[in-house]
Amino acid sequence: MTSEFLRQLPFPAAYDRRRFLSRVGIAAAGFFTAPGLFAEQLAATAPMMEGPFYPDKMPLDTDNDLLILNDSITPAVGEITHLSGRVLSKSGAPVRNAFVEIWQVDSKGIYLHSGDAERVRERDANFQGYGRFLTDADGRYYFRTIKPVPYTSNGIHRTPHIHFGISAGGKRVFTTQMLINRHPDNADDILFKRIADPLAQKTLLVDYKPIPGSKLGELSAEFDIVMGHTVEELGDGSIRGIGKKLGGGQRPIR
């Protein structure tokens, strides 16, 4: 599994970004054998709204390493997290070539978005804030990012989370948010509370595990996304709740 794979990787103090990502791509070939096994037991991942802070201006670097911008030698501040998982159909089959996007606040709780202008000058300029990855034949993806932090903005407190957008066949087909399992703020989070089914809530909760032997205190997190519909079922090309402005009187929720 992912944590076992990460335990076998060396994490030198002098981080060679391209070499590391190349090694990840090669070593990942052994992940997740027997795709679709026990598919009848899979629960569809609960959807969550995109919110208004999907980047309105993309960073110059949009790869799957959010800690290093281009050829910078200064990493972003935060708990380094190796985030991986699979994108699966509701039958449990891997979704190949799915376009996985993630975006999140930096260690200060600020998005990569002009609408977050109230604190934009304080933002960590070394944090990419957004990344993308194309899944392999087994539906796998990988990101290097930071563990999300809680924050309060516009009077709304949010539990730590990472936004996910999944596109396939040129269409956005799914959006959700990944939360930290057992975080004390989850119970009071305005969006998480809207999911009434405890089993559906559970599909969004992920454990962050320390990587043994890491001198940098790195973490691993594994999040499988099981889509409850297929691209064909969204034949009109619609994006359910994605990228739409909030209606009148609604306050932005991140």
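Remember, it's a predicted structure, so these values are computed and weren't measured experimentally.

Chemist: Tell me about the side chain of serine 89, residues and numbers included.
Modeler: On the secondary structure map, serine 89 appears in the loop between β1 (80-88) and β2 (99-103). On the basis of relative accessibility, which here comes to 13%, the residue serine 89 falls in the buried class. At a separation of 2.8 Å, a polar atom in the side chain of serine 89 contacts the side chain of serine 91. Dropping the residues within four chain positions of it, serine 89 is found in contact with Val95, Val226 and Met227.

Chemist: Just give me the short version of unusual backbone geometry, but keep the residues and values in it.
Modeler: The backbone phi angle of asparagine 70 is positive, close to 50 degrees, even though this residue is not glycine. Along the chain, the position of asparagine 70 falls in the loop between α2 (17-27) and β1. When its relative accessible area of 38% is taken as the criterion, asparagine 70 is described as partly exposed. One non-glycine residue, asparagine 97, lies in positive phi territory at about 60 degrees. Structurally, asparagine 97 is set in the loop between β1 and β2. The partly exposed category is assigned to asparagine 97, whose relative accessible area is 44%.

Chemist: Explain the confidence of the model for the protein chain to me, using residue names and the numbers behind them.
Modeler: Interpretation of the predicted coordinates at a detailed level should be avoided for regions scoring low in pLDDT. Model confidence for the protein chain is summarised by a mean pLDDT of 80, while 72% of its residues fall at 70 or above. Between residues 1-39, whose pLDDT stays under 50, and residues either more than four places distant or in other chains, the model counts 59 contacts. Here residues 231-254 is modelled with pLDDT under 50, and outside its nearest four sequence neighbours on either side it reaches 53 contacts, counting other chains as well.

Chemist: Account for the pairing of strand β7 (residues 161-168), naming residues and giving values.
Modeler: Most of β7 sits inside the fold, with eight of its eight residues counted as buried. Side-chain alternation along β7 places His161, His163, Gly165 and Ser167 on one buried face and Ile162, Phe164, Ile166 and Ala168 on a second face that is also buried. Across five bridges, the pairing between β2 and β7 is antiparallel. The residue bridging isoleucine 102 from the neighbouring strand is phenylalanine 164, located in β7. Bridge count for β7 against strand β8 (residues 171-180) is eight bridges, and the pairing is antiparallel. Considered in β8, the bridge of isoleucine 166 is made with phenylalanine 174. Connecting β7 to the next strand, β8, in antiparallel fashion are two residues, including glycine 169 with a positive phi near 60 degrees.

Chemist: Tell me what's going on with the nonpolar core, and back it up with residues and numbers.
Modeler: Grouped burial of nonpolar side chains is what soluble globular proteins tend to show. Residues Leu83, Phe164 and Ile166 are the most contacted members of the largest nonpolar core, which totals 29 residues. Of all the elements in the fold, those that place two or more residues in this core are β1, β2, β4 (140-146), β7, β8 and β11 (219-222). Among the elements that make up this core, the one with the highest residue count is β8 (four residues). Apart from residues lying up to four places away in sequence, leucine 83 is in contact with Ile102, Tyr141, Tyr142, Phe143, Ile162, Phe164, Met178, Ala221 and Phe223. Among the nonpolar cores identified, the runner-up in size contains eight residues, and Leu179, Phe192, Ile195 and Ala200 belong to it.

Chemist: Please provide a residue-by-residue account of the pattern of salt bridges, values included.
Modeler: Scanning the entire structure with this criterion turns up eight salt bridges. In this structure, the salt-bridge partner of arginine 140 is aspartate 138, at a minimum N-O distance of 2.6 Å. Among the residues examined, arginine 140 registers a relative accessible area of 7% and is labelled buried. By relative accessible area, which is 21% here, aspartate 138 ends up partly exposed. Taken together, the shared-partner salt bridges in this structure form one network comprising Glu50, Glu101 and Arg172.

What counts, and where the lines are drawn
Chains are numbered independently. Their residues run from 1 in the order of the written sequence. Per-residue local features are limited, in this predicted model, to residues with pLDDT of at least 70; the limit for side-chain atom pairs, both in listing and counting, is 80 or more; totals at the level of whole chains, interfaces and linings are taken over all residues. Hydrogens are left out, water is left out, and the side-chain values use all remaining heavy atoms of the structure. Secondary structure elements are defined from DSSP: runs of H or I of at least 4 residues count as helices, runs of E of at least 2 residues count as strands, and each element is numbered from the N terminus. Think of it in three bands: residues with accessible area under 20% of the maximum for their type are buried, residues over 50% are exposed, and the middle band is partly exposed, with areas taken using a 1.4 Å probe on protein chains only. For this analysis, a polar contact is any N or O atom pair within 3.5 Å, provided that within protein one partner can donate a hydrogen and the other can accept it, and provided that sequence-adjacent residues contribute only side-chain to side-chain pairs. When checking whether two residues touch, look at their non-hydrogen atoms; a contact exists if any pair is within 4.5 Å. Per-residue confidence from the prediction method is given by pLDDT, with values spanning 0 to 100. For two strands to be treated as a pair, DSSP must find at least two bridges joining them. Nine residue types can take part in a nonpolar core, namely buried Ala, Val, Leu, Ile, Met, Phe, Trp, Tyr and Cys, and a core is a set of them joined through side-chain atoms within 4.5 Å. Salt bridge, as used here: a side-chain nitrogen of Lys or Arg that lies within 4 Å of a carboxyl oxygen of Asp or Glu.

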